[in-house]
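So the chains spell out like this:
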Amino acid sequence: MIRPSRRVFLKGVCACTVIAAGATRRAGAREPAAMAPPAPAAVAPPASALRPITGSAHPISAAERRARIAKVQALMEQRKIGALLIESGASLEYFTGIRWHRSERTTAAVIPARGEVLIVTPAFEEPSVRETLLVGGDVRPWNESDNPFAAIVQGLRDLGVRAGPVAVEPTVRFFIVDGVRKAASGYEIVSGDPLIRACRMIKSPAELALMQTANDVTIAALRYVHGHVERGMSEADLSTLMNDTTVALGGSPEFALVLLNEASAYPHGSLEPQTVGDGSIILMDCGCTVEGYQSDISRTWVYGEPNKRQRKIWSTVRRGQEIALETAKIGIAAGELDDAVRSYYEIEGYGPGYKLPGLSHRTGHGIGLDGHEPAYLVHGDSTPLEFGMCFSDEPGIYIPGEFGVRLEDCWYMTAGGAQLFTPLAKSIDDPI
């Protein structure tokens, strides 16, 4: 999957049923004989009969989170870094369990190279933040009139970090970094990216189990939706049905991108309204979370009978997926998977490189608590593949003015090569 801001496709889509519009007839009135009744709008079937399949999913334990903290502390000791600063987001959840949104009010954690975690959060949010804090430590609330950055600096000093390098998680916003710098001049702010990558890129068995469940939910939901597509349905109809089905199966919908007809030629679609008709390309790119861990699966098929060109391009994309997986070996650079797919596509007449018609985006991306994580299956990414890394595999082909095909499954690295969470699509006739 590739995301500019795909979650916007979910906003405003909350109804499961589309109600057909029509004029109300007076009792006893008779329609003119020559006038056909208006065709009803397509109605998305309810998914209420489905049952959750997430009952065996177990959240990451406090013990595993403490082990993560111990690992990053050992890395900081090796690099002579005094502490790691993290704000609300996936990394805060990864180390502490805290699930908290970002706003202009700073909630952050300081993980020292030695000692307990320190949490700084608005005073009125403290009870809520404590609900998901799983690793203990010191929680320091700040009031609305206080300076939260002064509280972070005081926390660093109390933890024995009075000067020297302090690492900052790569997604921490500038105003927080700037605020810490202004509150104290004795620290050298350095990138925490190497620390985060060393921890989060390698998934534990517990993480892989949650990702497996998330992928199970998404593929099951796609299977249900595939069997209930009707002529006249819009992209919003299918997106709503996908999200409702995901909820019924026990997942939390993360995105449900639906591209129909020519819109499928553009990786994130078009503003032009599209509906399902005979011969329509249907491209669905969907994912959910289970205990925070994400899935990401794409399927493309045709409503009705595919033509020869659609079949050929679909099969080419499917072979591209196989080539990426066959190339994956321990120690090989992540970017080499992208190179291998592009070499095949060029032989088939697409490209070269990222040019259209062809594959205009990377072959895949890391995935875990975030939908997009390092490393990336893109030309030039030299990150060596390691046991436990997780990726998407999505080498689409896009033909502007016509249509596009994207197939996507997630997989993880083992000693013997790539291991899929979900089987690859069988054919354009049997895509799930």
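Structural data are supplied above this passage.
Computed from a prediction, not measured in an experiment: that's the story for all the values here.

### Focus: the pattern of salt bridges
Pairs may arise between side chains of opposite charge once their charged atoms sit close together. This structure, assessed with the given rule, holds 28 salt bridges. In this structure, the salt-bridge partner of Glu144 is Arg105, at a minimum N-O distance of 2.9 Å. Highlighted residues: Glu144 in the loop between strand 4 (138-142) and helix 4 (148-158) and Arg105 in the loop between helix 2 (90-96) and strand 2 (108-112), separated in sequence by 39 residues.

### Focus on the packing of aromatic side chains
Per the counting criterion, the structure on display carries 6 aromatic pairs. For the pair Tyr344 and Tyr345, a centre-to-centre distance of 5.8 Å together with 45 degrees between the ring planes defines the contact as tilted. Given the relative accessible area of 17%, Tyr344 is considered buried. Under the relative-accessibility criterion, Tyr345 is labelled buried at 2%.

### Quick look at helix 9 (residues 308-327)
Taking 1.5 Å of rise per residue, the 20 residues of helix 9 would be expected to cover 28 Å, and the 29 Å separating its terminal C-alpha atoms lies within 8% of that figure. Within helix 9 the residues assigned to the buried category are Gln310, Ile313, Trp314, Thr316, Val317, Arg318, Gly320, Gln321, Ile323, Ala324, Leu325 and Thr327. Between a side-chain oxygen at the N-terminus of helix 9 and the backbone nitrogen of Arg309 the separation is 3.1 Å; the capping residue is Asn307.

### Description of the environment of Gln212
By the element assignment, Gln212 lies in helix 7 (residues 205-226). Residue Gln212 is classed as partly exposed on the basis of its relative accessible area of 24%. Along the chain, Gln212 and Leu420 lie 208 residues apart, while their C-alpha atoms are 9.3 Å from each other.

Thresholds, definitions, all that
- Residues numbered from 1 in each chain as written.
- Predicted model: local features only at pLDDT ≥ 70, side-chain atom pairs only at ≥ 80, totals over all residues.
- Heavy atoms only, no water.
- Salt bridge = Lys/Arg side-chain N within 4 Å of Asp/Glu carboxyl O.
- Helix = DSSP H or I, 4+ residues; strand = E, 2+ residues; numbered from the N terminus.
- Phe/Tyr/Trp six-rings, centres within 6.5 Å; stacked < 30°, edge-to-face > 60°.
- Buried < 20%, exposed > 50% of the residue type's maximum accessible area, 1.4 Å probe, protein only.
- Expected span 1.5 Å × (residues − 1).
- Polar contact = N/O pair within 3.5 Å; in protein donor to acceptor, adjacent residues only side chain to side chain.

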